[in-house]
Amino acid sequence: IYKRELENAFNYMKKIADKERKGVAREFNRRINEILNVLEFKEFESITLNENTYKLEVYRKGGKYQPIPSLSTAERCAIASVLQLAMKMTYLPETPCFIIDAVVLDFDQNKVAKMMNYLAKLAREKDWLIVLTRLREGGILAVREYKSGG
């Protein structure tokens, strides 16, 4: 009798955990695509975390699936920056600081301006301290901060 009760409890908890994971994946996907729209990454139709496999999927305009290894280095860096921000917004929304790799500064000037404006807007609205970091030659860390009100 105890074995059956334990199996029932396990199955119930598994069902709840699966539901929660799918809900978080949906929120994460919503954040990713919100950021893509705000920053006008027009080369991608969507970037999603598959709710069943939890694998990242990238789709070009027209719905064409693009394997991640076949993306250019610049595209992978852009996606990494979007994912960093989406993870912060989804999983740690109450944490008042955000550290992001300054690879975003290597985008074209239009995207750099959009990203910096978006980060500054988030810093003001959410009262976040945003730190952009970059390792330079010789391993020296360069830091640039954005804080609300300044």
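Structure's up top.
Summarised in this report is the structure supplied together with it. Residue numbering note: each chain is counted from 1, following its sequence as written. Residues qualify for local features only when their pLDDT is at least 70, as the model is predicted, and side-chain atom pairs are given and counted only at 80 or more; totals for whole chains, interfaces and linings, by contrast, use all residues. Processing note: side-chain calculations cover all non-hydrogen atoms of the structure and skip hydrogens and water entirely.

**Some remarks on the environment of Glu 51**
Counted only if it meets this: Runs of H or I in DSSP of at least four residues are treated as helices and runs of E of at least two as strands, each being numbered from the N terminus. Burial here depends on accessible area, computed with a 1.4 Å probe over protein chains only, as a share of the maximum for the residue type. Under 20% is buried, over 50% is exposed, and the range in between is partly exposed. Residue contacts follow a heavy-atom distance rule, with two residues in contact if any of their heavy atoms lie within 4.5 Å. Two N or O atoms form a polar contact when they lie within 3.5 Å of each other; inside protein one atom must be a possible hydrogen donor and the other a possible acceptor, and for residues adjacent in sequence the pair counts only when both atoms belong to side chains.
By the element assignment, Glu 51 lies in the loop between β1 (44-49) and β2 (56-60). Among the residues examined, Glu 51 registers a relative accessible area of 22% and is labelled partly exposed. Here the alpha-carbon distance between Glu 51 and Arg 26, two residues 25 residues apart in the chain, equals 7.4 Å. In contact with Glu 51, not counting residues within four places along its chain, are Lys 22, Ala 25 and Arg 26. Reaching out from Glu 51, the side chain makes a polar contact with the side chain of Arg 26 at a distance of 3.3 Å.

**Here we look at the packing of aromatic side chains**
For clarity, the cut-off: When two rings of Phe, Tyr or Trp (its six-membered ring) have centres within 6.5 Å they constitute a pair, described as stacked for plane angles under 30 degrees, edge-to-face for angles over 60, and tilted for the intermediate range.
The full count for this structure, using the stated rule, is three aromatic pairs. Taken together, a centroid distance of 6.3 Å and an interplanar angle of 50 degrees make the contact between Phe 98 and Trp 128 tilted. Within this pair, whereas Phe 98 is found in strand β4 (residues 97-101), its partner Trp 128 is found in the loop between α3 (109-126) and β5 (129-135), the two being separated by 30 residues in sequence.

**Focus: the sheet that holds β1**
Note: strands within a sheet are paired through backbone hydrogen bonds, in either parallel or antiparallel orientation. Filter applied, for reference: At least two bridges found by DSSP between two strands are what make those strands a pair. In this analysis an axis means a line fitted to C-alpha atoms, helices contributing only their contacting stretch, and an angle means the value between N-to-C directions, from 0 to 180 degrees.
Here three strands make up an open sheet; going across it, the order is β1-β2-β3 and the pairing antiparallel. Because the sheet does not close on itself, it has two edges, and the strands there are β1 and β3 (65-66). In this structure, β1 lies alongside β2, joined through five bridges in antiparallel fashion. Bridge assignment links Thr 48 to a residue of β2, and that residue is Glu 57. Each of β1 and β2 touches helix α2 (residues 73-91); the most contacted strand, β2, lies at about 120 degrees to it.

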